[in-house]
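The primary structure of each chain is shown beneath.
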Amino acid sequence: MTDEIYRASTTAPVNIAVIKYWGKRDPKLNLPTNSSLSVTLSQSDLRTHTTASCSPSYPSFDSLLLNGSEQDVSGARTQACFRELRSLRRNLEGQDASLPKLSTLPLKIVSENNFPTAAGLASSAAGFAALVRAIANLYELPSSPTDLSRIARQGSGSACRSLFGGYVGWEQGKEVDGSDSVAFQVAPESHWPEMRAIILVVSAAKKGVSSTTGMQTTVATSSLFAARASDTVPKRMKQMQEAIQIKDFETFGKITMMDSNSFHATCLDTYPPIFYLNDVSRAAIKMVEAINAAAGRIIAAYTFDAGPNAVIYYLQENEAQVAGLFKAFMGEKDGWKGTRGDAIQASEEAFGK
Ligand code: DP6
């Protein structure tokens, strides 16, 4: 092998769950206690761009640069992704001796997010999805998105859903080795292209309690949690998939809001309690309720991850009544425009509190 640099790039978009993953039955493999479902934003929206490269000329250790700052790659999750991908590459090299032995070379990963990291905007999802696919491309692995979702899941659970576009489920699976805990596409983006999301960036600061820590404490202490995982979510998974198939926004919206409420209820029921929503989040909920009341039906649906930022789903035909109204309240300054979703800054003052 010469001192050649081998390189591949990819992007992976953020996904925003409408049925939340919260709880692990195996924290090492990131195997969840319930299935979940999300909408993947477009490539031109919130996304991570990642270049993976390897070369005999590189220093002898793996490295990861995120938005210009060096990250620790020694963590078990990143290591699991590297290990799995290297082992697949090693298999290929074993079958074809003419292939360069890339599996033995140090990896250099360079990632850029076009949104604030750890703001509750699922940066780890896009991040690990892009990392896994960039390395798979670099290694020229014949892996399907399903195979890659199994690997990305070990980086961050929600990352497995960012390997598919459109409407994406994550089947919790039953196997102890996680082989059946993979993402699947419910419908492509083109099936229901009118879906839009507006993101109200309430805070771009790093979240208080990380998802990983938060969900472990919920599993250990919340009595509401068991009913959510065993009963509420399985029913909603079915209803939500049907709603997407028949493009029924009212059902889609209602389940989205109820599932966000259910997830945040288990957070409050955690001991000590976890508060992800703040006054601005609650003002956004009230505004969505007012919009729906004025329309006489559900045309807007809020959802919140492990942070105060609101994501509001709506259909293109209701742009003026939903996104237009929020933008009129907040002003569009410091905003960010995408094709399937815009982001705007939200403050308490803007809600006229
Ligand atoms: C509230 O995927 O960030 O956004 O597997 O520990 O990395 P880890 O957790 P992560 O959790 C996401 C939780 C959520 C809901 C969701 O995206 O389904």
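Residues numbered from 1 in each chain as written. Predicted model: local features only at pLDDT ≥ 70, side-chain atom pairs only at ≥ 80, totals over all residues.

Q: Before we move on, could you go through unusual backbone geometry and cite the residues and values that matter?
A: Looking along the chain, the bond that leaves Tyr271 and enters Pro272 is cis, with omega of -5°. Not every positive phi belongs to a glycine, and Asn30 is a case in point at roughly 55°. Along the chain, the position of Asn30 falls in the loop between strand 3 (24–26) and strand 4 (31–32). Accessibility expressed as a C-beta count within 10 Å gives 24 for Asn30, which makes it buried. One non-glycine residue with positive phi stands out, namely Lys247, at about 55°. Among the structural elements, Lys247 can be located in the loop between helix 5 (223–245) and helix 6 (249–268). Classification of Lys247 by C-beta neighbours within 10 Å gives partly exposed; the count is 14. (Helix = DSSP H or I, 4+ residues; strand = E, 2+ residues; numbered from the N terminus. Buried ≥ 20, exposed ≤ 12 C-beta atoms within 10 Å, placed from the backbone.)

Q: Describe the site of the ligand, with residues and values.
A: Surveying the vicinity of the ligand reveals 16 residues, the closest of which are Ala17, Tyr21, Ser156, Gly157 and Ser158. Elements represented by at least two residues in the shell around the ligand include exactly helix 2 (123–138) and helix 4 (211–221). When the residues that make up the shell around the ligand are grouped by side-chain class, the tally is six nonpolar, eight polar and two charged. (Near = placed C-beta within 6 Å. Nonpolar A, V, L, I, M, F, W, Y, C, P; charged D, E, K, R; others polar.)

Q: Any details on the pairing of strand 10 (residues 167–170)? Residues and values, ideally.
A: What you see with strand 10 is no split at all: Tyr167 and Gly169 on one side and Val168 and Trp170 on the other are buried throughout. Two elements, strand 5 (residues 36–40) and strand 10, share four bridges in a ladder whose sense is antiparallel. Bridged to Ser38 within strand 10 is Val168. In this sheet, strand 11 (residues 183–187) lies alongside strand 10 in antiparallel orientation, the contact comprising four bridges. What sits directly across from Gly169, in strand 11, is Phe184. (Pairing = 2+ DSSP bridges.)

Q: An account of the nonpolar core is needed here, citing residue identities and associated values.
A: Within the largest apolar cluster, 92 residues are counted, with the highest numbers of intra-cluster contacts made by Ala129, Val132, Ile135 and Ile312. Top element by residues in this core is helix 2. It accounts for eleven residues. (Core = buried A, V, L, I, M, F, W, Y, C linked by C-beta atoms within 7 Å.)

Q: With reference to specific residues and values, describe the sheet that holds strand 6 (residues 47–54).
A: Ordered in space as 1-6-9-7-8, the five strands form an open sheet in which the pairing is mixed. At either margin of the open sheet sits one strand with a lone partner, and together these are strand 1 (6–13) and strand 8 (69–71). In this sheet, adjacent strand axes meet at a mean angle of 20° when their direction is disregarded. Inspection of the sheet shows strand 7 (residues 63–66) paired to strand 9 (residues 107–113) by four bridges, in the parallel sense. Paired with Ser63 across the two strands is Lys108, which belongs to strand 9. Contacts from helix 2 reach strand 1, strand 6 and strand 9, with the element oriented near 150° to strand 1. (Axes fitted to C-alpha atoms, helices over the stretch in contact; angles between N-to-C directions. Contact = placed C-beta atoms within 7 Å.)

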